[in-house]
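# Topology and contacts: notes
Listed here are the chains, written in short residue letters.
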Amino acid sequence: MSSVAPLGDFGTDSLPSSALRDSVMASSSVVAGASSGGVQDKTLMLEQQLIALHRNRAIMIVAQLRLLINSTYFEEASDSLLLALLPLAYRACQRLLKDRELRSNNPDEQSMIDSKKTIGETEIMRSFKPPVAHLGPIVNAYVAPITILGPTLLFRLLFKLSKLGYGLRKLQNFSEPSADSFNVHGLYFHVVHIHQISSSKVMGKLIRMSIDRRISRHREMANKRLLGEKEKEFSPLTFASAAELALAQLAFGSHSHSRGLPVIQHNQRSFALAKKEVVVCVGNASEAAGRTGEWMLCRSYAKIAVDFCDTVSDDEAKLIGWDVASLKAKNQRRYTHASSQLKYHVKEFMGWNYSYILHPHLRSSYLFR
């Protein structure tokens, strides 16, 4: 088998930064020349246009990832397509840049750094107002950044492949006598890439990274959003997206093709923490929805948190020192309070269905679908 380059970072090498800068410089020169006396600062215009390009690129990436994740809940895909999507999902699990890596004296390198930073931080937040006020409340839509969507998609794909009989053991031994590389619906992947992604080293790192860094950071960001003055209305869905990643990890780890693997057994603490993160994040989403007056959403989240507490075993609770009963009682109080509030907010029923369908991954019937 011929040597194959390891998978690189997602979305950073499709267009050379020098070409990107040259094209933007050319366009900014035209604009500057057409302005009054051509006195506008070309460098400033270049930077502004580069930022806009990076952000537009990031929006397209996270939107595509969100659609792919949604398809894993509702669509039955072939094993070849799921395998072809694995390298894409792996690239989307790019490493977060450290502070010392955010600056470079090389303009081309700096452009690439800015692109990666923008892609790693970009979220989509939109509010939809019904054309007639009495039809319901404003509906908020939220798409998490790639730091959450990447691992979520990878765990979801691995779970779906497990259901089709492709556990990590089979992926490690995956081979086709006819070819080493494949092109499925325009998606190219190599057998070596499948072996790399499914290795115990990579999977162990991904499991720990999701809990120790990605979910906790996203939850902290949601807390700041809830306590701040801006974007408070998006805090429930921000918490919910962190819970979705934890659920995707649990779905993968709990499947019969995964449970007995050493990489799963050696990371039991991470999976126990994932269960706690589900309850904490969904419970916080309930609290946030209550503070923003979305009582149906508040009650739905609280009910999910209460029900999920019942799935936690005593051994898992002891492993991480978690008092499940107190957290269950807190969410039960949220559920009761939200139910009482709904008696005085009948009109909210009109808009609730539109809000609820934005995050079907948290409905109990879809947890491990």
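Since the model is a prediction, treat every value here as computed from it, not as a measurement. (Residues numbered from 1 in each chain as written. Predicted model: local features only at pLDDT ≥ 70, side-chain atom pairs only at ≥ 80, totals over all residues. Heavy atoms only, no water.)

### Concerning the nonpolar core
Ranked by internal contacts, the top residues of the largest apolar core, which has 88 residues, are L86, L171 and F252. Sequence-distant contacts of L171, defined by excluding residues within four places in its chain, comprise L83, L86, L158, L161, Y166, I194, H195 and S198. (Core = buried A, V, L, I, M, F, W, Y, C linked by side-chain atoms within 4.5 Å. Buried < 20%, exposed > 50% of the residue type's maximum accessible area, 1.4 Å probe, protein only. Contact = heavy atoms within 4.5 Å.)

### Observations regarding the environment of V282
Relative to the helices and strands, V282 is located in helix α11 (residues 268–291). V282 sits in the buried class, given a relative accessible area of 1%. Note: C-alpha distance between V282 and Y301 (19 residues apart in sequence) is 5.7 Å. (Helix = DSSP H or I, 4+ residues; strand = E, 2+ residues; numbered from the N terminus.)

### Quick notes on helix α12 (residues 295–309)
Note: α-helices contain 3.6 residues per turn, so residues at a spacing of three or four share the same orientation. Compared with the 21 Å implied by 1.5 Å per residue over 15 residues, the 21 Å span of α12 between its first and last C-alpha is a close match. The buried fraction of α12 amounts to 12 of the 15 residues, a majority that puts the element mostly inside the structure. Of all the positions in α12, only W295, M296, L297, C298, S300, Y301, A302, I304, A305, V306, F308 and C309 are classed as buried. (Expected span 1.5 Å × (residues − 1).)

### Focus on the confidence of the model for the chain
Scored by pLDDT, the chain has a mean of 78; 69% of the residues are at 70 or more. For the stretch residues 347–358, pLDDT sits under 50, and the model shows 27 contacts to residues farther than four places along the chain or on other chains. Confidence drops under pLDDT 50 across residues 364–368; counting only partners more than four residues distant or on other chains, this segment forms 14 contacts. (pLDDT = per-residue confidence, 0-100.)

### A few points about the packing of α11 against α12
Following both chains from N to C, one finds α11 and α12 inclined at 160°, their axes separated by 7 Å at the closest point. By the angle class used here, α11 and α12 are roughly antiparallel. Here α11 runs over α12; the crossing is left-handed. When α11 is examined against α12, the residues K275, V278, V279, V282, G283, A285, S286, A289 and G290 are found in contact with a partner set consisting of W295, L297, C298, Y301, A302, I304, A305, F308 and C309. Among the residues forming the contact of α11 with α12, the class breakdown is 14 nonpolar, three polar and one charged. (Axes fitted to C-alpha atoms, helices over the stretch in contact; angles between N-to-C directions. Parallel < 35°, antiparallel > 145°, perpendicular 65-115°, else oblique. Left-handed = near helix turned anticlockwise from the far one by under 90°. Nonpolar A, V, L, I, M, F, W, Y, C, P; charged D, E, K, R; others polar.)

### Overview of the environment of S199
Tracing the backbone shows S199 in the loop between α7 (191–197) and α8 (200–227). In sequence terms S199 and V263 are 64 residues apart; their C-alpha atoms lie 9.2 Å from each other.

### Some details on α8
For α8, with 28 residues, the first-to-last C-alpha span of 40 Å sits near the 40 Å given by 1.5 Å per residue. The largest bend in α8 is about 45°, located at S210. (Bend = angle between axes of the 7 residues up to and from the residue.)

### A closer look at the pattern of salt bridges
Pairing between side chains becomes possible if they bear opposite charge and their charged atoms approach one another. The full count for this structure, using the stated rule, is nine salt bridges. Taking the shortest distance from any N to any O, the salt bridge between E231 and R225 comes out at 3.2 Å. On the accessibility criterion, R225 (6% relative accessible area) is buried. The partner of R291 in a salt bridge is E287, and the shortest N-O contact between them spans 3.2 Å. In this pair, R291 and E287 are both assigned in helix α11, four residues apart and thus about one turn of the helix distant. Note on E287: relative accessible area 28%, which makes it partly exposed. Overlapping salt bridges, with partners in common, bring together E123, R225 and E231 in one network. (Salt bridge = Lys/Arg side-chain N within 4 Å of Asp/Glu carboxyl O.)

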